[in-house]
Amino acid sequence: MPRRLALAAMAAGLAMLAAPVLAEDVTLSTSTAPGGGISTRLGGLMGIEMASLSTLSETRLRRLATPYEGGDAADPRILSNAELDRLRTPRGDAEWRCLTEALYFEARGEPIEGQYAVAEVILNRVDSPNYPDTVCEVVSEGTGRPFACQFTYTCDGRPEEVTDAQAWHRLGHIARIMLEGAPRDLTADATHYHADWVNPRWSRIYPRTAEYGVHVFYRQQY
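Residues numbered from 1 in each chain as written. Predicted model: local features only at pLDDT ≥ 70, side-chain atom pairs only at ≥ 80, totals over all residues. Heavy atoms only, no water.

Novice: For the nonpolar core, give the residues involved together with the corresponding values.
Specialist: Grouped together as the largest cluster of nonpolar side chains are 37 residues, with contacts concentrated most on Leu 103, Ile 122, Val 135 and Phe 217. Secondary structure elements with two or more residues in this core: α4 (94-107), α5 (112-127), α6 (135-140), α7 (165-179) and β2 (208-212). (Core = buried A, V, L, I, M, F, W, Y, C linked by side-chain atoms within 4.5 Å. Buried < 20%, exposed > 50% of the residue type's maximum accessible area, 1.4 Å probe, protein only. Helix = DSSP H or I, 4+ residues; strand = E, 2+ residues; numbered from the N terminus.)

What follows is the structure, encoded as structure tokens:
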């Protein structure tokens, strides 16, 4: 894996059709994977990259988020986990926290590309007339209604406790990079995704656009 941080992140919330929500429409995220899949995926993810940079300033982080010309191979924004760990503690406003939280609970066990991909879905929804206009409103749509929410972690009945400080740190920087205008070119304008062990109704209607880790991405057609 390159020593630079993958542009596109992922993770696993999902979107419901406007029709009444059925249990089969609820997509489980990585954080609720059967058999405790999160711990095994995290173990591999945490130990992968050993390359390092001496320092990375916040100024450079902002520069890395600037849209660019060229292919993935030359993408200067792609940092390794080790390089992300060297950045100072990420901070931001309410929108940043909502995006970081969604990435943490939906995609923290996914590859970096998958984490970026999930961020793309959330921001694509913010830009779509079919969904609310802010990250926090998109993420919390349907929250509290069992199996009727848009992102599984907000209605699965499990406590939302951040216990992995390292994952939060990395995802906080990914959230900042995406909020600061990084290109969204991993998912072809996807607005939906689901884990690969379920088959929601809308996955039979919307075109599939990408697949990263355990998540499959789709673009809403109407």
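Having seen it, we continue.
Novice: Got a sec to walk through α4? Specific residues and values, please.
Specialist: The end-to-end C-alpha distance of α4, which contains 14 residues, comes to 19 Å, matching closely the 20 Å that a straight helix rising 1.5 Å per residue would cover. The buried fraction of α4 is high, at 10 of 14 residues. For α4, the full list of buried residues reads Trp 96, Cys 98, Leu 99, Thr 100, Ala 102, Leu 103, Tyr 104, Phe 105, Glu 106 and Ala 107. Buried-residue contacts for α4 involve α5, α6, α7, β1 (192-195) and β3 (215-218). The N-capping residue of α4, defined by a side-chain oxygen 3.2 Å from the backbone nitrogen of Glu 95, is Asp 93. (Expected span 1.5 Å × (residues − 1). Contact = heavy atoms within 4.5 Å. Polar contact = N/O pair within 3.5 Å; in protein donor to acceptor, adjacent residues only side chain to side chain.)

Novice: Now, about the sheet that holds β2: what can you tell me, with residues and values included?
Specialist: With antiparallel pairing, 3 strands are arranged side by side in an open sheet as β1-β3-β2. Only two strands of the sheet have a single partner each, and these edge strands are β1 and β2. Mean inter-strand twist for the sheet, computed between neighbouring axes without regard to direction, equals 20°. Its contacts with the sheet put α5 on β1, β2 and β3, and the angle it makes with β3 is roughly 30°. (Pairing = 2+ DSSP bridges. Axes fitted to C-alpha atoms, helices over the stretch in contact; angles between N-to-C directions.)

Novice: A description of the state of the cysteines should follow, citing residues and the corresponding values.
Specialist: Summed over all chains, the structure comprises 2 disulfides. Note on cysteine connectivity: Cys 98 is disulfide-linked to Cys 136, with sulfurs 2.1 Å apart. Across the disulfide from Cys 98 to Cys 136, rotation about the S-S bond amounts to roughly 100°, and the bridge is consequently right-handed. Here Cys 98, found in helix α4, pairs with Cys 136, found in helix α6; they are 38 residues apart in sequence, far enough to count as distant. Two residues share a disulfide in this structure: Cys 149 and Cys 155, whose sulfurs sit 1.9 Å from each other. (Disulfide = S-S within 2.5 Å.)

Novice: Tell me about the pattern of salt bridges, and name the residues and values.
Specialist: On inspection of all chains with the given rule, the structure shows 4 salt bridges. Residues Glu 180 and Arg 176 are paired through a salt bridge, measuring 3.4 Å at the closest nitrogen-oxygen approach. Judged by its relative accessible area of 12%, Arg 176 is buried. A salt bridge links Glu 211 to Arg 208, with the shortest nitrogen-to-oxygen separation between them at 3.7 Å. (Salt bridge = Lys/Arg side-chain N within 4 Å of Asp/Glu carboxyl O.)

Novice: Please set out the side chain of Glu 110 residue by residue, giving values where relevant.
Specialist: Assignment of secondary structure puts Glu 110 in the loop between α4 and α5. The class for Glu 110 is buried, based on a relative accessible area of 1%. For Glu 110, the side chain forms a polar contact with the main-chain nitrogen of Val 214, separated by 2.8 Å.

Novice: Can you lay out the packing of α4 against α7 for me, pointing to particular residues and giving the numbers?
Specialist: Two numbers describe how α4 lies on α7: the axes approach to 8 Å, and their chain directions differ by 125°. Classed by the angle they form, the pair α4 and α7 counts as oblique. Remark: the crossing between α4 and α7 carries right-handed chirality. Within the contact between the two elements, α4 uses Glu 95, Trp 96, Arg 97, Leu 99, Thr 100, Glu 101, Leu 103 and Tyr 104 and α7 uses Ala 167, Trp 168, Leu 171, Gly 172, Ile 174, Ala 175, Arg 176 and Leu 179. (Parallel < 35°, antiparallel > 145°, perpendicular 65-115°, else oblique. Left-handed = near helix turned anticlockwise from the far one by under 90°.)

Just distances and angles here, no functional claims.
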